[in-house]
Amino acid sequence: MSQTDLPTTQPLIIEGDRSILDKPEGTPLKIPSILDKKPTINLKDSLTARQINMLPTRNLVQAGHDLKLDPKVGEKESKSSSTYFGNMYLGDVKTNGKFVGVMYRDHEYVDGDRIRVLLNDEVVEPNVFLTGAFKGINLDLKKGFNRIDFEALNQGTSGPNTAQVNVFDDEGKLIHSNLWNLSTGSKATIIVVKE
């Protein structure tokens, strides 16, 4: 079984007007050139057409804006309860600055959590309502150990009292960050050592 002769083929001849292919403009398809056209964009008009405001506006609402709160400070939970969250130590940090900036916010559901902020056992913020946005205070430091306490005044509508706290030095650099879960009356503590 072997191949005897190669079959003979006839060339395929296509009839038609080939003058279009011979034109210097290019192909017979009408494809627009992206190299020949100049853009007609006026950047000055595009900047003035829309007014963009990067400043905060009063039309925006915070998370929990429609929350109905009981103004009373809540009852303390029993320490024997399985849902009791006691005191927390959030760590310590060293700094050479004259003060630290302490920022805090509710890092979970905005449910009406409130706290008291103390510096070296002195109240500096008696009643802070935690929202989804950071709030804060600058605390002047004394030489040596400085104790910052965050006391949970309540647990909001869904316990425990939850928050994120960030500590910044006097140059605005973040030097400490942590979270807490507290029952009413419990404290979260940060020690700041001024060298």
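What you see is a predicted model, and the numbers here were worked out from it, not measured in a lab.

(A) View of the environment of Thr131. Mapped onto the elements of the fold, Thr131 is located in the loop between strand 4 (122-129) and strand 5 (135-140). Judged by relative accessible area, which is 11%, Thr131 ranks as buried. Separated by 3.2 Å, the side chain of Thr131 and the backbone oxygen of Ala133 make a polar contact.

(B) Just the environment of Thr83, in detail. Its place among the elements puts Thr83 in the loop between helix 1 (43-49) and strand 1 (88-95). Exposure remark for Thr83: the relative accessible area of 48% places this residue in the partly exposed category.

(C) View of the sheet that holds strand 4. What the five strands build is an open sheet, ordered 1-9-6-3-4; its pairing is mixed. Edge strands, defined here as strands with exactly one partner in the open sheet, are strand 1 and strand 4. Across this sheet, the average inter-strand angle for adjacent strands is 15°, counted without regard to direction. As judged from the five bridges shared by strand 3 (residues 114-119) and strand 4, these two strands associate in the antiparallel manner. Along strand 4, the bridge assignment pairs Arg114 with Phe129.

Cut-offs used in this document
Along each chain, residue indices are assigned from 1 in the same order as the chain's sequence is written. Predicted model: local features are reported for residues with pLDDT of at least 70 only, side-chain atom pairs are reported and counted for 80 or more only, and whole-chain, interface and lining totals are derived from all residues. Only hydrogens and water are set aside when side-chain values are computed; all heavy atoms of the structure are taken into account. A helix here means a DSSP run of H or I that spans at least four residues, while a strand means a run of E at least two residues long, and both kinds are numbered starting from the N terminus. Burial here depends on accessible area, computed with a 1.4 Å probe over protein chains only, as a share of the maximum for the residue type. Under 20% is buried, over 50% is exposed, and the range in between is partly exposed. Pairing of N or O atoms within 3.5 Å defines a polar contact, subject to two protein rules: one partner must be a possible hydrogen donor and the other a possible acceptor, and residues neighboring in sequence count only if both atoms are side-chain atoms. Strands were regarded as paired on the criterion that DSSP finds at least two bridges between them. Between N-to-C directions, angles cover 0 to 180 degrees, with each direction set by a line fitted to C-alpha atoms, over the stretch in contact for helices.

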